[in-house]
Amino acid sequence: MSRRILLGGALMLGWTQVLWWLPLNRALDRSGILLALLAAGLTAWAIIARPQGGVLRALLPRTRWTDIAPLGAAVAGVVYTLPFLRSPNDASTLNVLLKSGWDHVAHYAMYAWYAGGGDLTGTFAAMPDGSTVTFDNYPTGYHMTAAALGGLVTGPGATPGPRSYGIAIALMLIATVVVIAAAIAQLPALRVRPALVLPLAALPVTGYLLGPGTVSFASGFPNFVFACALVGIAGAIAITGARTFSPLTIFALSGLVVATAHSWLLLVPLTSLAFAAVLVPFSRARYRQSRAKVILALAGVLAGVAGVVVALVVSFRVLNGATLAAGGSGGFDATSLIGVCLASAGLAIVGFLRWRERRSRTAWLRAAVVAAVPLLALAMLAVIGLQQVRSTGHVSYYFEKLAAATVLVGLVTIPVGAVYAFGAARRRTRVLWWVAAVTATGVVVQAFGYVGPTASSINSAIAPGLHYRADASALMGVSEESMRMIRASDVSRQHGGRTIYLAVLPADPLPRLADQWHLSLGGVWTHATDRPGALLDMTGLASPDARDKLPARVAAMLEAEPSFSVVVAPDLYMEIRDGVPAQYRSRVLTWTL
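Parameters and conventions
Residues numbered from 1 in each chain as written. Predicted model: local features only at pLDDT ≥ 70, side-chain atom pairs only at ≥ 80, totals over all residues. Heavy atoms only, no water. Pairing = 2+ DSSP bridges. Helix = DSSP H or I, 4+ residues; strand = E, 2+ residues; numbered from the N terminus. Contact = heavy atoms within 4.5 Å. Axes fitted to C-alpha atoms, helices over the stretch in contact; angles between N-to-C directions. Salt bridge = Lys/Arg side-chain N within 4 Å of Asp/Glu carboxyl O. Buried < 20%, exposed > 50% of the residue type's maximum accessible area, 1.4 Å probe, protein only. Phe/Tyr/Trp six-rings, centres within 6.5 Å; stacked < 30°, edge-to-face > 60°. Lys NZ or Arg CZ within 6 Å of the ring centre and 35° of its normal. Expected span 1.5 Å × (residues − 1). Arc of directions from axis to C-beta. Parallel < 35°, antiparallel > 145°, perpendicular 65-115°, else oblique. Left-handed = near helix turned anticlockwise from the far one by under 90°. Nonpolar A, V, L, I, M, F, W, Y, C, P; charged D, E, K, R; others polar. 1 Å grid on protein atoms, 1.4 Å probe; cavity = no way out; pocket = protein on both sides within 12 Å on 5 of 7 lines; lining within 4 Å. Points joined across faces, edges and corners; volume = space filled by probe spheres on them. Core = buried A, V, L, I, M, F, W, Y, C linked by side-chain atoms within 4.5 Å. Patch = residues over 30% accessible without salt bridge, like charges linked within 9 Å, V, L, I, M, F, W, Y side chains within 5 Å. Areas by Shrake-Rupley, 256 points an atom, 1.4 Å probe, with all protein chains shown as cover. Polar contact = N/O pair within 3.5 Å; in protein donor to acceptor, adjacent residues only side chain to side chain.

J.: Explain the sheet that holds strand β3 (residues 588–589) here, please?
T.: In sheet architecture, strand pairing relies on hydrogen bonds along the backbone and comes in two forms, parallel and antiparallel. As summarised here, the arrangement of the 3 strands in space is β1-β2-β3, forming an open sheet in which the pairing is parallel. Strand pairing shows two members of the sheet lacking a second neighbour, β1 (499–501) and β3, which therefore form its edges. As defined by bridge partners, strand β2 (residues 565–567) adjoins β3 across 2 bridges and the pair is classed as parallel. Looking at β3, one finds that V566 is bridged to V588. Sheet strands touched by helix α21 (residues 480–494): β1, β2 and β3. Its angle to β1, the strand with the most contacts, is close to 170 degrees.

J.: Please explain the pattern of salt bridges as it appears in this structure.
T.: Side-chain pairs of opposite charge can arise where the charged atoms are in close proximity. The final tally for this structure, using the stated rule, is 7 salt bridges. Close ionic contact of R484 with E480 constitutes a salt bridge, the shortest N to O distance being 3.7 Å. Here R484 pairs with E480, and both are found in helix α21, just 4 residues apart, close to one helical turn. Residue R484 is classed as buried on the basis of its relative accessible area of 12%. With a relative accessible area of 60%, E480 lands in the exposed category. We note a salt bridge from R577 to D578, for which the minimum N-O separation is 3.7 Å. Members of the salt-bridge network, linked through shared partners, are E480, R484 and D508.

J.: Help me understand the packing of aromatic side chains, please; the structure alone is not making it clear to me.
T.: Two aromatic rings, taken as a pair, are described by how far apart their centres are and by the angle between their planes. Within this structure, the stated rule accounts for 13 aromatic pairs. When the centroid spacing of 5.9 Å and the interplanar angle of 65 degrees are considered together, the rings of W65 and W434 count as edge-to-face. Here the residue W65 occupies a position in the loop between α3 (55–59) and α4 (68–85), and W434 occupies one in helix α19 (residues 430–445), the gap between them amounting to 369 residues. For W65, a relative accessible area of 60% puts it in the exposed group. With a relative accessible area of 22%, W434 lands in the partly exposed category. For the pair Y108 and W517, a centre-to-centre distance of 5.5 Å together with 35 degrees between the ring planes defines the contact as tilted. Pair noted here: Y108 is in helix α6 (residues 104–115) and W517 is in helix α22 (residues 511–521), with a separation of 409 residues, a long-range link. By relative accessible area, which is 2% here, Y108 ends up buried. Counting every residue linked through ring pairs, the aromatic cluster contains Y108, Y111, Y165 and W517. The residue whose ring lies beneath K401 is F221, and the NZ or CZ to ring-centre distance is 4.0 Å. K401 extends its terminal NZ or CZ atom over the ring of F224, reaching a point 4.4 Å from the ring centre.

J.: Help me out: how do you make sense of helix α20 (residues 464–475) in this one?
T.: Residues that lie three or four places apart on an α-helix share one face, since the helix turns once every 3.6 residues. Here α20 is 12 residues long and its end C-alpha atoms lie 16 Å apart, about the 16 Å a rise of 1.5 Å per residue gives. When we look at burial in α20, the residues that qualify are G465, Y468 and A472. Across the axial projection of α20, the buried residues extend over an arc of 65 degrees, all falling on one side.

J.: Would you take a moment to explain helix α8 (residues 162–185) for this structure?
T.: Along its 24 residues, α8 runs 35 Å from first to last C-alpha, staying within 8% of the 34 Å computed at 1.5 Å per residue. Within α8, 22 of the 24 residues are buried, which leaves it mostly tucked inside the rest of the structure.

J.: Is there a simple way to explain the packing of helix α1 (residues 2–15) against helix α11 (residues 222–240) in this structure?
T.: Helix-helix packing is described using two parameters, namely the angle between the two axes and the distance between the axes. One can describe the packing of α1 onto α11 by two numbers: an axis separation of 11 Å at closest approach and a directional angle of 130 degrees. Here α1 is positioned oblique relative to α11, judged by the angle of their axes. For the crossing formed where α1 meets α11, the hand is left-handed. Residue-level contacts link R3, L6, L7, A10 and L13 of α1 to F226, L230, I233, I237 and T240 of α11. The class makeup of the residues in the contact of α1 with α11 is 8 nonpolar, 1 polar and 1 charged.

J.: Before we go on, may I ask you to explain empty space enclosed by the protein in this structure?
T.: Once rolled over the atoms, a probe with the size of a water molecule shows which space is left empty. Within the structure shown, the criterion is met by 1 cavity of 30 Å³ or more. The space that makes up the largest cavity amounts to roughly 50 Å³. Considering the residues around the largest cavity, the lining is formed by Y142, I169, M172, L173, T176, F217, P222, V225 and F226. Elements that contribute at least two residues to the lining of the largest cavity include exactly α8 and α11. Top contributing element to the lining of the largest cavity by residue count: α8, with 4 residues.

J.: What is the right way to look at the layout of surface pockets in this model?
T.: Space inside the largest pocket adds up to approximately 1,400 Å³. The wall of the largest pocket is formed by 28 residues, among which G8, L11, M12, L38 and L42 lie closest to the centre. Elements represented by at least two residues in the lining of the largest pocket include exactly α1, α2 (30–49), α3, α7 (141–154) and α8. Per-element accounting of the lining of the largest pocket gives the leading share, 8 residues, to α1. Partitioning the lining of the largest pocket into residue classes produces 23 nonpolar, 4 polar and 1 charged. Taken as a whole, the second largest pocket holds about 960 Å³ of empty space.

J.: It is not clear to me how the nonpolar core should be interpreted in this structure. Could you clarify?
T.: Proteins that are soluble and globular tend to have nonpolar side chains buried together. Counting residues in each nonpolar core, the largest one holds 161 residues, and the members touching the most others are Y208, I237, L267, L502, W517 and I576. In this view, L267 contacts A227, C228, V231, T260, L402 and A405; residues no more than four positions away in its chain are not counted.

J.: Before we go on, may I ask you to explain a nonpolar patch on the surface in this structure?
T.: A contiguous nonpolar surface patch, about 520 Å² in accessible area, is contributed by L35, L38, L42, L59, L152 and V153. Listed by contribution, the elements that provide at least two residues to the nonpolar patch are α2 and α7. With respect to the element layout, L42 can be found in helix α2. On the basis of relative accessibility, which here comes to 41%, the residue L42 falls in the partly exposed class.

J.: What's the story with the side chain of E561 in this structure? I'm lost.
T.: Along the chain, E561 falls in the loop between α24 (550–560) and β2. Taking the relative accessible area as the measure of exposure, E561 reaches 11% and is therefore buried. Here the side chain of E561 touches R531 through a polar contact of 3.0 Å, side chain to side chain. Ignoring any residue separated from it by four or fewer positions in sequence, one finds E561 in contact with R531, P532, L535 and R587.

What follows is the structure in structure tokens.
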């Protein structure tokens with residue numbers, strides 16, 4: 001069963017986005033098309049393959065003890081994301097997103113575009129104001145897949161909003177950890193000692209839900225976490241597929257390469273390494289296949305190359321050294337990075353020694369591939385770090401993100417590689433192995449911070465994921481500032497997006513962030529509508545001392561942007577409207593309480 005989850009999940013996570021690459025009628029439900037294609041594929045397989053023992057018997061997977069890993073990962077993922085899955089309305093989810101990470105607003109805008117019927121070609125087309133959407137040069141494969149999963153839950157024709165976005169990214173995270181666990185559970189070496197799957201799968205699942213994965217997820221980078229997982233999943237497929245030449249394996253790997261390119265482009269070399277490993281001709285017997293299989297495999301390779309080219313075309317304008325050197329410095333976890341690199345190097349050495357001892361090319365390949373992926377990331381870190389130091393004198397954003405990616409990738413590749421580098425243990429007393437495995441799993445779960453029933457009493461030591469889940473549960477309620485944001489977006493939609501939202505009440509977020517959310521919620525966040533937001537970067541705009549200066553500042557905004565109006569809360573409406581010159585009063589807007 002785990003092997004089917006792995007390959008099916010890889011195909012789904014990799015190729016679902018293609019449905020959003022081409023323009024279709026907005027009335028068409030792409031999630032429904034996805035289900036129809038799945039049904040058609042199964043029907044075609046049943047007719048062509050004619051499996052022995054009957055179709056129904058062939059469709060039912062054979063279960064093993066190791067299949068407990070993906071099931072456990074699914075339960076853990078649901079429990080962790082329950083605040084988003086149970087959110088009652090848009091305002092509740094928006095309250096969590098507002099107080100988590102700034103980048104959630106950009107990813108929500110991308111998701112809403114595709115969930116609302118938009119497509120990739122539409123991001124390059126001119127909007128009614130003459131400009132394009134703000135994410136026209138950003139790979140958005142993650143958001144397309146999230147729109148597909150979200151559409152399966154919300155149903156066709158549903159209007160996208162923060163609640164559906166929260167459900168979609170929760171489902172994406174659940175699907176990600178399930179496929180990761182399946183990638184480990186399907187390893188043939190674990191069939192001899194199935195109890196080992198518990199601690200081996202617990203390491204990446206805990207890391208993604210409670211450790212460094214949740215730090216990036218909560219900060220507003222769900223696509224980054226997704227891309228890191230794809231690299232490790234590709235490594236597991238490449239290792240187990242190294243002995244056979246299967247078009248299905250090629251399509252799964254090429255889909256993961258494409259999904260990586262359209263989620264976080266910098267990780268494509270890592271996923272491509274796994275792809276290249278499965279194609280290496282270590283023996284001629286692998287290529288003694290029918291012509292149909294060879295053609296299908298070549299089609300998979302070409303499809304992967306074409307998908308990466310599409311991502312390069314989308315990102316062409318920002319593919320330069322200046323982009324890599326941009327951003328500030330927030331620090332990174334050097335200890336975890338060093339640990340992952342040392343473990344990867346150790347696996348490579350062990351694999352090499354096994355090859356020298358037994359002349360087993362397969363054993364060498366399996367250990368070398370897993371070790372080379374994080375080590376390739378380390379080499380990329382060295383190149384990017386040198387470039388950033390030469391340009392700015394210090395390492396910055398993309399170095400730190402790639403360092404975090406190296407750790408997340410290693411959480412998957414290290415347990416996979418360890419199984420093959422050291423081989424399967426011989427059978428011993430089954431009960432003792434299960435007791436030892438459960439004990440080891442309990443230790444692994446604590447690797448990123450305390451996880452247990454008394455976590456609230458030792459708040460400073462608990463895992464980051466528990467912190468975020470507790471905060472999300474507490475914030476999952478309607479707040480005045482989130483309701484004001486939604487009301488402001490309604491006003492923006494009525495005026496074609498030519499508005500600036502002035503959020504200056506005590507509980508409001510930063511004015512620029514609030515303005516971006518009101519444009520995203522209104523569905524009109526373009527380069528033209530984003531430009532006036534720079535006027536909100538004035539220091540002290542929301543301070544109590546600046547309240548008497550607000551009419552003058554609003555007048556300055558309206559004078560600088562003659563085609564825009566300013567949206568303010570009803571509490572400030574009369575004060576600001578009466579304080580600006582008469583010619584500007586009709587452009588001061590609010591909503592009805």
